[in-house]
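Spelled out, the chains give:
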Amino acid sequence: ETPHSSNSRQVRKVLILSAPVGSGHRMASRALAEALRSLPGNTAVTVTEGDVSCLFPGWVGRGLLGLYGLMLRHCPALYALSYRWGNGKGGHSLWLRHVVNCFLCHAAKSWLDKEAPDIVLSTHATPTGIVSLYKRNYKPSLQLNVVVTDFTVHRWLLCSGVDTYFVAHEELVSQVQEGIPSGEKPVVTVTGIPVRSSFAESCSE
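Here's a quick rundown of the structure.

Here is what the cut-offs are and how they apply
- Residues numbered from 1 in each chain as written.
- Predicted model: local features only at pLDDT ≥ 70, side-chain atom pairs only at ≥ 80, totals over all residues.
- Heavy atoms only, no water.
- Helix = DSSP H or I, 4+ residues; strand = E, 2+ residues; numbered from the N terminus.
- Buried < 20%, exposed > 50% of the residue type's maximum accessible area, 1.4 Å probe, protein only.
- Contact = heavy atoms within 4.5 Å.
- Areas by Shrake-Rupley, 256 points an atom, 1.4 Å probe, with all protein chains shown as cover.
- Core = buried A, V, L, I, M, F, W, Y, C linked by side-chain atoms within 4.5 Å.
- Disulfide = S-S within 2.5 Å.
- Phe/Tyr/Trp six-rings, centres within 6.5 Å; stacked < 30°, edge-to-face > 60°.
- Lys NZ or Arg CZ within 6 Å of the ring centre and 35° of its normal.
- Pairing = 2+ DSSP bridges.
- Axes fitted to C-alpha atoms, helices over the stretch in contact; angles between N-to-C directions.

Broken down by element type, the protein chain carries seven helices and six strands. Scored against the burial criterion, the 205 residues of the protein chain give a buried share of 38%. Counting contacts in the protein chain only where the partners sit at least 6 residues apart, residues at least 24 apart contribute 58% of the total. Carbon and sulfur atoms form 57% of the exposed surface of the protein chain, whose accessible area is close to 11700 Å².

With that settled, the discussion passes to the side chain of S18. By secondary structure assignment, the location of S18 is in strand β1 (residues 12-18). If near-sequence neighbours (up to four positions away) are discounted, S18 is found in contact with H25, R26, S29, G50, D51, V52, T123, H124 and P127.

In this structure, L55, F56, V120, I130, Y165, V167 and V176 are the most contacted members of the largest nonpolar core, which totals 33 residues. Elements with a minimum of two residues in this core: β1, α4 (92-115), α5 (125-137), β4 (143-147), β5 (164-167) and α6 (171-179). Core analysis: the second largest hydrophobic core is formed by eight residues, A33, V47, I119 and L121 among them.

Moving on, we get to the state of the cysteines. Each disulfide consists of a covalent bond between the sulfur atoms of two cysteine residues. Enumeration according to the criterion identifies zero disulfides in this entry. Left without a disulfide partner, C105 is nearest to the cysteine sulfur of C102, which lies 7.3 Å away.

So, on to the packing of aromatic side chains. Under the criterion given, the structure shown has one aromatic pair. Ring centres of Y134 and Y138 lie 5.6 Å apart, and the angle between their planes is 45°; this geometry places the pair in the tilted category. For Y134, a relative accessible area of 4% puts it in the buried group. Geometry around Y138 places K109 over its ring, the cationic atom sitting 4.8 Å from the centre.

Further remarks concern the sheet that holds strand β2 (residues 45-51). Ordered in space as β2-β1-β3-β4-β5-β6, the six strands form an open sheet in which the pairing is parallel. Looking at strand neighbours, the two that pair on one side only are β2 and β6 (187-190), the edges of this open sheet. Here the strands of the sheet are splayed against their neighbours by 20° on average, with no regard to which way each runs. Bridging between β5 and β6 involves four bridges; their strand directions are parallel. Note that in β6 the partner of Y165 across the bridge is V188. Where α5 meets the sheet, it contacts β1, β3 (119-122) and β4, and its direction lies at approximately 165° from that of β4.

Next comes the structure, spelled out in structure tokens:
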């Protein structure tokens, strides 16, 4: 809901963040941007799309993407192993997530300060963790929302400071509620996975 002033609407800046690691996160991000921009009579929201590499100086983004590409090309089993380890019940992966996100948040601060979003929609765990720390340390008023693009909820998506989780199915609601940090009470809404209007139209024909 967009707040109103006495004379005019306050423009809200929405930043949609994904990650350039697989097309699903990016396509969901694109679908969200398309839907927000096509709202009838919507002049109170501006939408910016980006992926996690936009947040950092060029050398950081290129380095992270390069490492990811090397791992997938030469050792895909390592990626599968790291995914399962990160989603395990032990606390070691969450400690590593915090260390990595602290570094990335510091690198991303100047870009986020410049963009100055009011609302962030994240479709991937990495930008979720970064913006979670940014919100806690620098901008508590920021609204952080997470769109889960799978039919499971990875543990690294469950960060402090998230206001709303949008999930694909009712069975995922309990996964979010059981895994959120202690004391947190985000809204969990079942919306399905975002799809672009052209795809939805072709499926309905």
